[in-house]
Amino acid sequence: MDQPLQTVSNGQQQRALWLSTFAFTICFAVWMIFAIIGIQIREQLGLNDTQFGLLIATPVLTGSLIRVFLGIWSDQFGGRKVMTLVMLCGAVATWLLTYAQTYPQFLLAALFVGIAGGNFSVGVTYVSKWFPAEKQGTALGIFGAGNIGSAVTKLLAPMVMVAAGWMMVAKLWAVALAITAVLFYLFSKEDPSLEQRRRSGVKPMPFAQQMAPLKNLQVWRFSLYYFFVFGGFVALALWLPHYLVGAYGMDVATAGMLAACYSIPASLFRVVGGWLSDRIGARRVMYWTLGVSSVCTFLLAYPDTRYTVQGVHGELSFHLAISVTVFTVLVFVLGFFMSLGKAAVYKHIPVYYPQHVGAVGGVVGMIGGLGGFILPIVFGALNDIIGIWSSCFMLLFVLVSIALVWMHFAIRRMERRNFPQLDRQTDLPEAIDAAALEKQRQA
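On a predicted model such as this, the values are computed, not experimentally measured, just so you know. In this convention, every chain numbers its residues from 1, walking through the sequence in written order. With the structure being a predicted model, the display of local features is reserved for residues of pLDDT at least 70 and the display and counting of side-chain atom pairs for 80 or more, all residues being used for whole-chain, interface and lining totals. Side-chain metrics rest on all non-hydrogen atoms present in the structure, leaving aside hydrogens and water.

Visitor: Whenever I open this one, the confidence of the model for the chain confuses me. Can you help?
Guide: The predicted coordinates of low-pLDDT regions are not to be read in fine detail. Averaged over the chain, the pLDDT score is 83; the fraction of residues at 70 or greater is 88%. Each residue carries a pLDDT score, the predictor's own confidence in it, on a scale running from 0 to 100. A run of DSSP states H or I qualifies as a helix once it reaches four residues; a run of E qualifies as a strand once it reaches two. Both are numbered from the N-terminal end. The secondary structure element of the chain with the lowest average pLDDT is helix H21 (residues 429-442), at 60, and the one with the highest is helix H10 (residues 166-187), at 94.

This is the structure in structure tokens:
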């Protein structure tokens, strides 16, 4: 066990983990608030799909860009203080959102609401310091399940918005975040490595040294995985209510409830992803994630199509489309495997970069978050340009295919570098047996 963890009890570990998870859940609920209130604001301002995509994605931009700095500050000053400050700033910004009236004002307000999304890199850094390497996958998986905050917003915000308007949603979410910040600070403790550093008088690692691992291509490969599994999750969490309203003609409350069928598994099963990564390895989990996701996005990308075929006895017409039931099942499966992948990506970081969790985790989280910012804008632009609702899944299919191919070839290259004899072997069992027999004869 690491030196700072030798005096840490199981109770202290659990308290740090569950307080952080609860705080992240509330922060994520605030971060995703535009997925619901944005629909009413869109009608109020008369926005097109591109403008709507930019509005709902803007908070994700802020929450992504600040993750690197927040992760580093958490290493230097402790996650307890940084997380509390992030939540208080997010609460103030969410309350001030209610004063916006024009589209530029909403975009500016959304930038500041996005501060709440920076909580993730703080929590990853804070939680990882309470657990040994062999338990970090499970612990970070539980913490990452705070993504369930997206489903909380989708289930509760429509009811509040229908009853009292979008401003009441913003005010209630702001109050909840402020209360959470106070509770977290009162009941949490500084992480053990920070306490040991203070006792020994060791100064925090310099910024340049913390950022040194970023020169490794491996970090950016992890970032691409996270761009899909997390960025794609955030983008769909924001986009699906609008997608269901437009593609299937649902009302906002029903669309929010069905969209939660995606958000819930994409959040809760992150715990399973962390546990599996500890048990069978993060690499195998990533193969399953990217493989199944490519199948799901391919099926979801198929547009509602009517065919007319010239048959023997005249024209034959038929219709191919994904029903609401099939759509819900597919996005549930997609969300499940995305959740496994989110945990698997972050299992890699404390193992490969134990002294740079804040910096590397912040960069990977930033790139993933930028996916949540860029993709909804591109989704809206594709709708305006192509005019096909399923174009968003077409884009995701291309993205996950690139990630899967890169991962496979990177792993094969690594295997050949570590085991050069692989290049001299064949996959044909008969040839292997023949070679073994020849060696026996020569002996």
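Visitor: Help me out: how do you make sense of the pattern of salt bridges in this one?
Guide: Note that side chains of opposite charge can pair when their charged atoms are close. Salt-bridge detection follows one rule: a side-chain nitrogen of Lys or Arg within 4 Å of a carboxyl oxygen of Asp or Glu. Under the definition given, this model contains four salt bridges. Between Arg-42 and Asp-49 there is a salt bridge whose closest N-O contact spans 2.9 Å. Here Lys-347 makes a salt bridge to Asp-278, at a shortest N to O gap of 2.7 Å. In this pair, Lys-347 is assigned in helix H18 (residues 324-352) and Asp-278 in helix H16 (residues 270-280), connecting sequence segments 69 residues apart. Each of the two residues, Lys-347 as well as Asp-278, counts as buried. A network of salt bridges, in which partner residues are shared, links Arg-80, Lys-81 and Glu-190. When accessible area is computed with a 1.4 Å probe and restricted to protein chains, residues below 20% of their type maximum are described as buried, those above 50% as exposed, and intermediate ones as partly exposed.

Visitor: Looking at this structure, how should I read the pairing of strand E1 (residues 305-311)?
Guide: Pairing between E1 and strand E2 (residues 314-320): seven bridges, direction antiparallel. The residue of E2 that forms the bridge with Thr-305 is Leu-320. Taken together, E1 and the strand that follows it, E2, pair antiparallel across an intervening segment of two residues. One bridge is not enough; two strands pair if DSSP finds at least two bridges between them.

Visitor: I'm lost on a nonpolar patch on the surface in this one. Help?
Guide: Residues enter a patch when their relative accessible area is above 30% and they make no salt bridge; the linking distance is 9 Å between like charges and 5 Å between nonpolar side chains (Val, Leu, Ile, Met, Phe, Trp, Tyr). A 1.4 Å probe and the Shrake-Rupley method give the accessible areas. Residues count as covered only by the protein chains that appear here. Residues Leu-88, Val-92, Trp-95, Leu-96, Tyr-99, Val-175, Ile-179, Val-182, Leu-183, Tyr-185, Leu-186 and Phe-187 make up a contiguous nonpolar surface patch of roughly 1,200 Å² in combined accessible area. Among the elements that line the nonpolar patch, the one with the most residues is H10, at seven residues. Tracing the sequence through the fold places Val-92 in helix H5 (residues 79-96).

Visitor: Whenever I open this one, the packing of aromatic side chains confuses me. Can you help?
Guide: Given two aromatic rings, their pairing is described by the distance between the two centres and the angle made by the two planes. Here the aromatic set is Phe, Tyr and Trp, taking the six-membered ring for Trp, and pairing holds for ring centres within 6.5 Å; pairs whose planes are under 30 degrees apart are stacked, those over 60 apart are edge-to-face, and all others are tilted. Under the counting rule described, the total for this entry stands at 26 aromatic pairs. Centre to centre, the rings of Phe-52 and Trp-239 are 6.3 Å apart; their planes meet at 45°, and the pair counts as tilted. Taken together, the positions of Phe-52 in helix H3 (residues 49-65) and Trp-239 in helix H13 (residues 217-248) put the pair 187 residues apart, joining distant regions of the chain. For Phe-52, a relative accessible area of 1% corresponds to the buried category. Plain terms: the ring middles of Tyr-126 and Trp-130 are 6.1 Å apart, the flat faces sit at 70° to each other, and that makes the pair edge-to-face. Overall, Tyr-126 belongs to the buried group, its relative accessible area being 1%. Taken together, Phe-24, Phe-28, Trp-31, Phe-120, Phe-143, Tyr-226, Phe-230 and Phe-233 form an aromatic cluster joined through their ring pairs. Lysine and arginine charges are scored as sitting over a ring when NZ or CZ, respectively, is within 6 Å of the ring centre and within 35 degrees of the ring normal. When the ring centre of Phe-52 is taken as reference, the NZ or CZ atom of Arg-42 above it lies at 5.8 Å. Across from the ring centre of Phe-233, 3.6 Å away, lies the NZ or CZ of Lys-342, which sits over that ring.

Visitor: What is the right way to look at the packing of helix H1 (residues 10-31) against helix H9 (residues 149-164) in this model?
Guide: A pair of packed helices is characterised by two quantities: the angle between their axes and the separation of those axes. Axis lines are fitted through C-alpha atoms, for helices just across the contact stretch, and the angle between N-to-C directions can take any value from 0 to 180 degrees. Relative orientation of the contacting elements H1 and H9 amounts to 50°, with a least axis distance of 7 Å. When the interaxial angle is binned, H1 and H9 end up oblique. Both H1 and H9 take part in a crossing whose hand is right-handed. Only Gly-149, Ser-150 and Thr-153 of H9 make contact with H1, whose side of the interface consists of Thr-25, Phe-28 and Ala-29. In this classification, Asp, Glu, Lys and Arg are treated as charged, Ala, Val, Leu, Ile, Met, Phe, Trp, Tyr, Cys and Pro as nonpolar, and every other residue, Gly included, as polar. A per-class count over the contact of H1 with H9 returns two nonpolar, four polar and no charged. Orientation is classified from the angle alone, with under 35 degrees giving roughly parallel, over 145 giving roughly antiparallel, 65 to 115 giving roughly perpendicular, and any other angle giving oblique. Left-handed describes a crossing whose near helix is turned anticlockwise from the far helix through less than a right angle; right-handed describes the clockwise counterpart. Here, two residues are considered to be in contact whenever any of their heavy atoms come within 4.5 Å of each other.

Visitor: Sorry if this is basic, but what is going on with the environment of Ala-157 here?
Guide: For Ala-157, the position within the fold is in helix H9. Its relative accessible area of 0% is what places Ala-157 among the buried residues. Taking the C-alpha atoms as reference points, Ala-157 and Ile-33, 124 residues apart in sequence, are found 7.9 Å from one another. Residues in contact with Ala-157, not counting those within four places in the same chain, are Ile-36, Val-152, Val-169 and Trp-173.

Visitor: Which parts of the structure should I look at to understand H13?
Guide: One full turn of an α-helix is made of 3.6 residues, so residues set three or four places apart face in the same direction. Bend, at a single residue, is the angle you get between axes fitted to the 7 residues ending at that residue and the 7 residues starting at it. Taking the largest bend as the criterion, H13 deviates by roughly 40°, centred on Trp-239, and proline Pro-241 comes between one and four positions later. Trailing H13 by a residue or two, Gly-249 shows a phi angle of about 70°, which is positive.

Visitor: Hey, could you run me through the environment of Ala-100 in this one?
Guide: Structurally, the position occupied by Ala-100 is in the loop between H5 and helix H6 (103-113). Of the residues examined, Ala-100 reaches a relative accessible area of 7% and is grouped as buried. Note: C-alpha distance between Ala-100 and Met-167 (67 residues apart in sequence) is 10.0 Å. When sequence neighbours within four positions are dropped, the list of residues in contact with Ala-100 reads Gln-105 and Phe-106.

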